[in-house]
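Read off the chains here:
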Amino acid sequence: EADIYQTPRYLVIGTGKKITLECSQTMGHDKMYWYQQDPGMELHLIHYSYGVNSTEKGDLSSESTVSRIRTEHFPLTLESARPSHTSQYLCASSNPAGTGVTGELFFGEGSRLTVL
Amino acid sequence: AQSVTQLDSQVPVFEEAPVELRCNYSSSVSVYLFWYVQYPNQGLQLLLKYLSGSTLVESINGFEAEFNKSQTSFHLRKPSVHISDTAEYFCAVRTQGGSEKLVFGKGTKLTVNP
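A. Spotlight on unusual backbone geometry. For the bond running from threonine 7 of chain A to proline 8 of chain A, omega is -10°, close enough to zero to count as cis. Take proline 8 of chain A: it is sitting in the loop between strand E1 (4-7) and strand E2 (10-13). For glutamate 16 of chain B, which is not a glycine, the phi torsion comes out positive at approximately 75°. Structurally, glutamate 16 of chain B is set in the loop between strand E2 (10-14) and strand E3 (19-21).

Structure (structure tokens):
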């Protein structure tokens, strides 16, 4: 069973609020990712990190930001939430290359955000 | 760039019937292929993967998938499904030796009815 945790699982907030979605993993993985998931759509990579102090934007443009100050922690922040940000956000991590299944991602249970 | 097409958005079947979930991919280079499963209100879990070697790969719960390079496909099959197999299934691809980012399909929702 994967040891990657996301909080909150569900969040309903008003427009303009600042929110932070937390993601932590206890597997010592260097690589971490944030995906956005909408019903009937592909999972879209919005941010990734290959280690501490390393963050990159993914394939889908997002107004969110991320930070990676500690290996185990990869929070996602929206400074001013809007209804268009309503979605499910999935955090994932992966093994360092050469030490496990190539490319296997371990996912958290997701944070479902609703912005009113 | 890679892309993944899952041809069926929803597949309803009866319990104990066989099922095939279709996945085609597009890539100009060699790829690794994955199937992930997402049960209701949970994150995604790896179901099976093709990295190299035998083109037929199996999961511990009876699913199998076959890599067909000429048809650029990686269809998922199970000869007899259970109610507990009801979930959404995502096909994913990443290039060998390149970026480690996975590209996912839109998912297929499998519903197993009694």
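B. Representation of the pattern of salt bridges within the structure. The full count for this structure, using the stated rule, is seven salt bridges over all chains. Note that glutamate 109 of chain A is salt-bridged to arginine 9 of chain A, the shortest N-O span being 3.0 Å. Of the two residues, glutamate 109 of chain A sits in the loop between strand E10 (105-107) and strand E11 (111-115) while arginine 9 of chain A sits in the loop between E1 and E2, which places them 100 residues apart along the sequence. Overall, the relative accessible area of 38% leaves glutamate 109 of chain A in the partly exposed class. Taking the relative accessible area as the measure of exposure, arginine 9 of chain A reaches 26% and is therefore partly exposed. Here aspartate 85 of chain B ties to lysine 78 of chain B by a salt bridge, and the two come within 2.8 Å at their closest N and O atoms. For lysine 78 of chain B, a relative accessible area of 7% translates into the label buried.

Cut-offs applied
Residues numbered from 1 in each chain as written. Chains lettered and ligands numbered in written order. Predicted model: local features only at pLDDT ≥ 70, side-chain atom pairs only at ≥ 80, totals over all residues. Heavy atoms only, no water. Helix = DSSP H or I, 4+ residues; strand = E, 2+ residues; numbered from the N terminus. Salt bridge = Lys/Arg side-chain N within 4 Å of Asp/Glu carboxyl O. Buried < 20%, exposed > 50% of the residue type's maximum accessible area, 1.4 Å probe, protein only.

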